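Structural overview
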Amino acid sequence: MLDGARAGQRPHLLPQRCGRPRLPGRARAVAACAHAAHEVDWGMRSHRFFPLLTLGVFSIAANAQQFNYDESKVPKFKLPDPLEMEDGTRVTTAGEWRTKRRPELLELFKKHVYGRSPGRPKAMTFFNLEERHGVLGGLANRRQIQVRFAGRRDGPRMTILLYTPAKAKGPVPAFLGLNFRGNHAIHEDKAIRLPTSWMRGAKNNRATDQGRGAAKSRWAVEMILKRGYGLATIYYGDIDPDFDDGFKNGVHALYPKPKPDEWGSIATWAWGLSRALDYFETDKAVDHQRVAVLGHSRLGKTALWAGARDERFAMVISNNSGCGGAALSRRAFGETVKRINTSF
């Protein structure tokens, strides 16, 4: 549904960003991945995307530029037991999982993979930029909301594009996802506001009308609305623009420079999705208890982390999240941790 990040389209491709998965990852328990991550060498570090990420696969991949796509070459590997706690005791009840094991695994991901994120900004406000009923041929109601992280119109902010079914009788469940190419790219609707944030692949790195509907094939807007769901999207560059300037842009401008175990880009984008959910809790058109967060490629990783951290999301739909997402790094198949930390 979402458009994928294309490597090589922006200047200054740095090791701080995660890469584009080549093949769909094999979905396995997040818990197993986290525990596996805990037991290996944490030597390689990337302070922007994966603050302290390495999953112990470098001894398997002899050449970082050659990736294995041959199933017969997948090495033997053993996954740790997700139901065994750090002290060796077994999880035997749902309560032990919720109060003990799950927090352990989240802590591993925060410390060694995505980084720690702050909570909701106290000064954050929501400003309704535009509201229109009966758009898209009478199919939808459209709202565009500016989330002002510091409560100021001139401060860091993101714009939510929200479509809900025009004929809905009450709050509707909704899909929420970040996009790579701007809100205006998901549909040809000329009323969608152009992003003002830095944009890769665009002339002078700024969005133009030429980009309207450029990614519409990836977003089934009308189909979703006809089936009674809402759809919301946010340009990921509003939250954290996709280039490195020393943590001076996007929401990072409000906070001190991240420490090695604090939020990189994936964690920052996931943080922004939670702030969108904060808004949905105030919008009577959206059933905020039935919001599915989705994403593709790096934004697939983002969706996974958003759903893991914020249990208010009812569902996670992650496509092609690949290495660093749902894929098992111990399989040594496809992209490696080293590649995604040195190419993006």
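What you see is a predicted model; the values in this text were computed from it and never measured. (Residues numbered from 1 in each chain as written. Predicted model: local features only at pLDDT ≥ 70, side-chain atom pairs only at ≥ 80, totals over all residues. Heavy atoms only, no water.)

With respect to helix H6 (residues 265-280)
Formally: Secondary structure elements follow DSSP: runs of H or I of four or more residues count as helices, runs of E of two or more count as strands, with numbering from the N terminus. What a helix is expected to span follows from its residue count: subtract one and scale by 1.5 Å. The buried label goes to any residue with under 20% of its type's maximum accessible area, the exposed label to any with over 50%, and the partly exposed label to all in between, with areas taken from a 1.4 Å probe on protein chains only.
For H6, spanning 16 residues, the distance from its first C-alpha to its last is 23 Å, which sits close to the expected 22 Å at 1.5 Å a residue. Judged by how many residues are buried, H6 sits mostly within the fold: 16 of 16 residues are covered.

Here's the deal with the pairing of strand S5 (residues 230-235)
Inclusion rule: In this scheme, strands are said to pair when DSSP sees at least two bridges between them. When the strands point away from the viewer and the path from the first strand over the helix to the second turns clockwise, the crossover is right-handed.
Within S5, six of the six residues are buried, which leaves the element mostly enclosed by the surrounding structure. Taking every second residue as pointing to the same face, both faces of S5 are buried, with Gly230, Ala232 and Ile234 on one and Leu231, Thr233 and Tyr235 on the other. Pairing of strand S3 (residues 157-165) with S5, which is carried by four bridges, proceeds in the antiparallel orientation. Looking at the pairing, Leu162 lines up with Ala232 of S5. As paired strands, strand S4 (residues 172-179) and S5 are joined by six bridges and run parallel to one another. Note on S5: the bridge partner recorded for Asn179 is Tyr235. Each parallel crossover has a hand, and for S4 linked through helix H4 (residues 221-226) to S5 it is right-handed.

Some remarks on the sheet that holds strand S6 (residues 286-296)
The test is simple: Here, axes are lines fitted to C-alpha atoms. For helices the fit covers the stretch in contact, and angles between N-to-C directions go from 0 to 180 degrees.
Taken together, the seven strands give an open sheet; going across it, the order is S1-S2-S3-S5-S4-S6-S7, and neighbouring strands pair in mixed fashion. The two strands at the open ends of the sheet, each matched to only one other strand, are strand S1 (125-134) and strand S7 (315-319). Averaged over neighbouring strand pairs, the angle between their axes works out to 20° when direction is ignored.

Some remarks on the pattern of salt bridges
To keep it simple, the criterion reads: Any Lys or Arg side-chain nitrogen found within 4 Å of a carboxyl oxygen on Asp or Glu counts as a salt bridge.
A full pass over the atoms with the stated rule returns 22 salt bridges. The partner of Glu107 in a salt bridge is Arg116, and the shortest N-O contact between them spans 2.6 Å. Between Arg212 and Asp209 there is a salt bridge whose closest N-O contact spans 2.9 Å. Residue Arg212 is classed as buried on the basis of its relative accessible area, which comes to 17%.

A closer look at the nonpolar core
The following threshold applies: Only buried residues count toward a nonpolar core. Its members are Ala, Val, Leu, Ile, Met, Phe, Trp, Tyr and Cys residues joined through side-chain atoms within 4.5 Å. Any two residues having at least one pair of non-hydrogen atoms within 4.5 Å are treated as being in contact.
Core analysis: the biggest nonpolar cluster contains 43 residues, and Ile160, Leu176 and Phe280 have the highest contact counts within it. For this core, the leading source of residues is H6, giving 10 residues. Not counting residues up to four positions away in its chain, the partners in contact with Ile160 are Arg143, Gln144, Ile145, Val147, Asn183, Ala232, Thr233, Ile234, Ala276 and Tyr279. Trp219, Ile224, Leu225 and Leu231 belong to the second largest nonpolar core, which has 16 residues in total.

A short note on the confidence of the model for the protein chain
Condition: Confidence scores per residue from the predictor, reported as pLDDT, run from 0 to 100.
A residue-level look at the protein chain finds 81% of positions with pLDDT of 70 or above and a mean pLDDT of 84. Low confidence marks residues 1-64, where pLDDT is under 50. Its contacts with residues over four positions away, or in another chain, come to 213 contacts.

A look at unusual backbone geometry
Phi is mostly negative for residues that are not glycine, and the peptide bonds are mostly trans. With a phi angle near 55°, Leu136 is a residue other than glycine that sits in the positive phi range. Located in the positive-phi region is Ser297, a residue other than glycine, with phi close to 60°. The topology assignment puts Ser297 in the loop between S6 and helix H7 (298-309).

A look at the packing of aromatic side chains
Note the following rule: Centres within 6.5 Å make a pair out of two Phe, Tyr or Trp rings, where for Trp the six-membered ring is used; the pair is then stacked when the planes are under 30 degrees apart, edge-to-face when over 60, and tilted otherwise. A ring is scored as having a charge over it whenever the NZ atom of a lysine or the CZ atom of an arginine sits within 6 Å of its centre and within 35 degrees of its normal.
All chains considered together, the criterion is met by 14 aromatic pairs. Across the ring face of Phe127, the terminal group of Arg148 is positioned such that the distance to the ring centre comes to 4.3 Å. The positively charged end of Arg331 is found above the aromatic ring belonging to Phe333, 5.2 Å away from the centroid.

Digging into the side chain of Thr268
Inclusion rule: For this analysis, a polar contact is any N or O atom pair within 3.5 Å, provided that within protein one partner can donate a hydrogen and the other can accept it, and provided that sequence-adjacent residues contribute only side-chain to side-chain pairs.
Mapped onto the fold, Thr268 is located in helix H6. Of the residues examined, Thr268 reaches a relative accessible area of 0% and is grouped as buried. One polar contact links the side chain of Thr268 to the main-chain carbonyl oxygen of Gly264, over a distance of 2.6 Å. The contact partners of Thr268, leaving out residues within four places of it in the chain, are Ile239, Asp240, Val251, His252 and Trp263.

Observations regarding the packing of H6 against H7
Each packed pair of helices is defined by two parameters, the angle between the axes and the distance between the axes. The test is simple: When describing relative orientation, an angle under 35 degrees is termed roughly parallel and one over 145 degrees roughly antiparallel, while 65 to 115 degrees is termed roughly perpendicular and anything else oblique. Crossings are sorted by hand: turned counterclockwise from the far helix by less than a right angle, the near helix makes the crossing left-handed, and turned clockwise it makes it right-handed.
At a minimum axis distance of 8 Å, the contact between H6 and H7 shows a crossing angle of 60°. For the element pair H6 / H7, the angle class is oblique. Where H6 crosses over H7, the two elements pack in a sense that is right-handed. Counting all contacts with H6, which are made through Ile266, Ala267, Trp269, Ala270 and Leu273, the residues of H7 involved are Arg298, Leu299, Lys301, Thr302, Trp305 and Ala306.

Concerning helix H2 (residues 94-112)
The line we're drawing: A residue's bend is given by the angle between axes fitted to the 7 residues ending at it and the 7 residues starting at it.
Given a rise of 1.5 Å per residue, 19 residues ought to cover 27 Å, and the 26 Å separating the end C-alpha atoms of H2 matches this to within 8%. Where H2 bends most, the angle comes to about 35°, and this point is Arg101, followed within four residues by the proline Pro103.

Points about the environment of Gln210
When you line up the elements, Gln210 lands in the loop between S4 and H4. As for Gln210 and Ala185, which are separated by 25 residues in sequence, their C-alpha atoms are 9.1 Å apart.

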